[in-house]
Every structure is written in C-alpha cells, then in structure tokens.
Amino acid sequence: MNATRAQPVLSSVVLNWNRSHLLKLTLESFLDTVSVPFELTIVDNASTDDSRDVIANFLAKHPKHRFVGLKNNLGGQALNYGFRYATGLFHHVSENDIEYRPGWDTELLGKFDAFPDLGQLSPFG
C-alpha cells in the first residue's frame, strides 16, 4: 500500500440525495477517522432539501475536497461522476448515511494487503 505524496491511498466518493441531516454526520465522521492519505469527492444527486447548503458549509471549512452537483438524480450511476477525479490506489464508495468509526480505513485496506488478489470488498459484508 504505497502512495506518493501526490497520489492518495484512498479516493472516496460520498453519494448524497436529500439527507442533509445524515450527510453532515457522514462527512464529519469520515474526516475525524480517516487516517491514510485520501481525497474526497461529494456527489449530490439533485437534492431538493438543504443538502447543497450543508455541502457548501463543509467545503468552506475544508476547501481541498471536491463537489459534483448534478442537475438530475442519476441514482448509483452518479458515482461515476465522482470517480472521474479519483487518483487513489483504492476507490471507496460511501452513502450519505454512514457514521465512520476509528480504524475503519486501515482495517478495510489491511484486507487488501492480506489478500492481494482481492478485487473488491464491502465493509458491510
């Protein structure tokens, strides 16, 4: 699991649609617990609630992260718009209703070290 300073280990894309109250917790817990070099892209699937305000406030405090705002709800296909920017060794999909706990990232990535032929893995399996 070697990454250069320019290349993150983890490219995370958070997909959101109309769950601003949960999105805030997801983003805060992600930042509080991620411990490997990462990049974060938030994709909003044409939310009609105050999600865009939550995202704007988050990005004002953490400007290095990316936002992709879609005009139409594309469902899961919207993740592709976020992963267009992914440069990490591993790609991580997140929904907007997850509360991250310390160690989630190193535990997950450790499984790829233990099983080098592993192609994908769900942390919920």
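One can find the structure itself at the top, above this paragraph.
Q: Please clarify how the nonpolar core should be interpreted in this entry.
A: Counting residues in each nonpolar core, the largest one holds 22 residues, and the members touching the most others are Leu10, Leu27, Phe30, Val34, Leu40 and Trp104. Mapped by element, the contributors of at least two residues to this core are strand E1 (10–16), helix H1 (20–33), strand E2 (38–44), helix H2 (51–61) and helix H4 (104–114). Each residue touching Leu10, except ones within four places of it in the same chain, is listed here: Val34, Val36, Pro37, Phe38, Glu39, Phe90, His92, Trp104 and Leu109. Counting residues in hydrophobic clusters, the runner-up holds 8 residues, among them Val13, Leu15, Val68 and Leu79.

Q: Just checking my understanding: could you explain the sheet that holds E1 for this structure?
A: In any sheet, the strands associate via hydrogen bonds between backbone groups, in a parallel or an antiparallel arrangement. The 4 strands are arranged E3-E2-E1-E4 in an open sheet whose pairing can be described as parallel. Each end of this open sheet is capped by a strand with a single partner; those strands are strand E3 (66–69) and strand E4 (90–94). Between one strand and the next, the sheet's axes are offset by a mean angle of 20°, whatever the strand orientation. Examined bridge by bridge, E1 and E4 share 5 bridges and lie parallel to one another. What sits directly across from Val14, in E4, is Ser94. Helix-sheet contacts for H2 involve E1, E2 and E3, and the interaxial angle to E2 is about 155°.

Q: How should I be thinking about the packing of aromatic side chains in this particular structure?
A: Between two aromatic rings, the relevant description is the distance of the centres plus the angle of the planes. By the definition in use, this model includes 5 aromatic pairs. For the ring pair Phe30 and Phe38, a centre distance of 5.4 Å and an interplane angle of 80° mean the geometry is edge-to-face. A residue is classified by how much of its surface remains accessible, and Phe38, at 17% relative accessible area, is buried. Look at Phe30 and Tyr100: their rings are 5.6 Å apart centre to centre, the planes differ by 80°, and that puts the pair in the edge-to-face class. In this pair, Phe30 sits in helix H1 while Tyr100 sits in the loop between E4 and H4, placing the two residues 70 residues apart along the sequence. For the pair Phe30 and Tyr100, a shared accessibility class is recorded, and that class is buried. An aromatic cluster is defined as three or more aromatic residues linked by ring pairs; in this entry it consists of Phe30, Phe38, Tyr100 and Trp104. Directly above the aromatic system of Phe38 lies the positively charged group of Lys64, at a separation of 4.8 Å from the ring centroid.

Q: What am I meant to see in the side chain of His65 here?
A: Take His65: it is sitting in the loop between H2 and E3. Not counting the four nearest positions on each side in its chain, His65 is found in contact with Leu31, Phe38, Leu40, Phe58 and Leu59.

Q: Could you clarify how one ought to interpret H1 in this entry?
A: Residues separated by three or four positions in an α-helix point in the same direction, a consequence of the helix having 3.6 residues per turn. Across its 14 residues, H1 extends 20 Å between first and last C-alpha, which sits within 8% of the 20 Å expected from 1.5 Å per residue. Among the residues making up H1, those that are buried are Ser20, Leu23, Thr26, Leu27, Ser29, Phe30 and Thr33.

Q: What should I look at first to understand H4 in this one?
A: Buried residues of H4: Trp104, Asp105, Leu108, Leu109 and Phe112, and no others. Buried positions in H4, seen along its axis, are confined to an arc of 110° and lie on one side of it. Set apart from the buried face of H4 by more than 90 degrees, the exposed residues are Glu107 and Ala114. Residues of H4 that are buried make contact with E1, H1 and E4.

What counts as what
Residues numbered from 1 in each chain as written. Predicted model: local features only at pLDDT ≥ 70, side-chain atom pairs only at ≥ 80, totals over all residues. Heavy atoms only, no water. Core = buried A, V, L, I, M, F, W, Y, C linked by side-chain atoms within 4.5 Å. Buried < 20%, exposed > 50% of the residue type's maximum accessible area, 1.4 Å probe, protein only. Helix = DSSP H or I, 4+ residues; strand = E, 2+ residues; numbered from the N terminus. Contact = heavy atoms within 4.5 Å. Pairing = 2+ DSSP bridges. Axes fitted to C-alpha atoms, helices over the stretch in contact; angles between N-to-C directions. Phe/Tyr/Trp six-rings, centres within 6.5 Å; stacked < 30°, edge-to-face > 60°. Lys NZ or Arg CZ within 6 Å of the ring centre and 35° of its normal. Expected span 1.5 Å × (residues − 1). Arc of directions from axis to C-beta.

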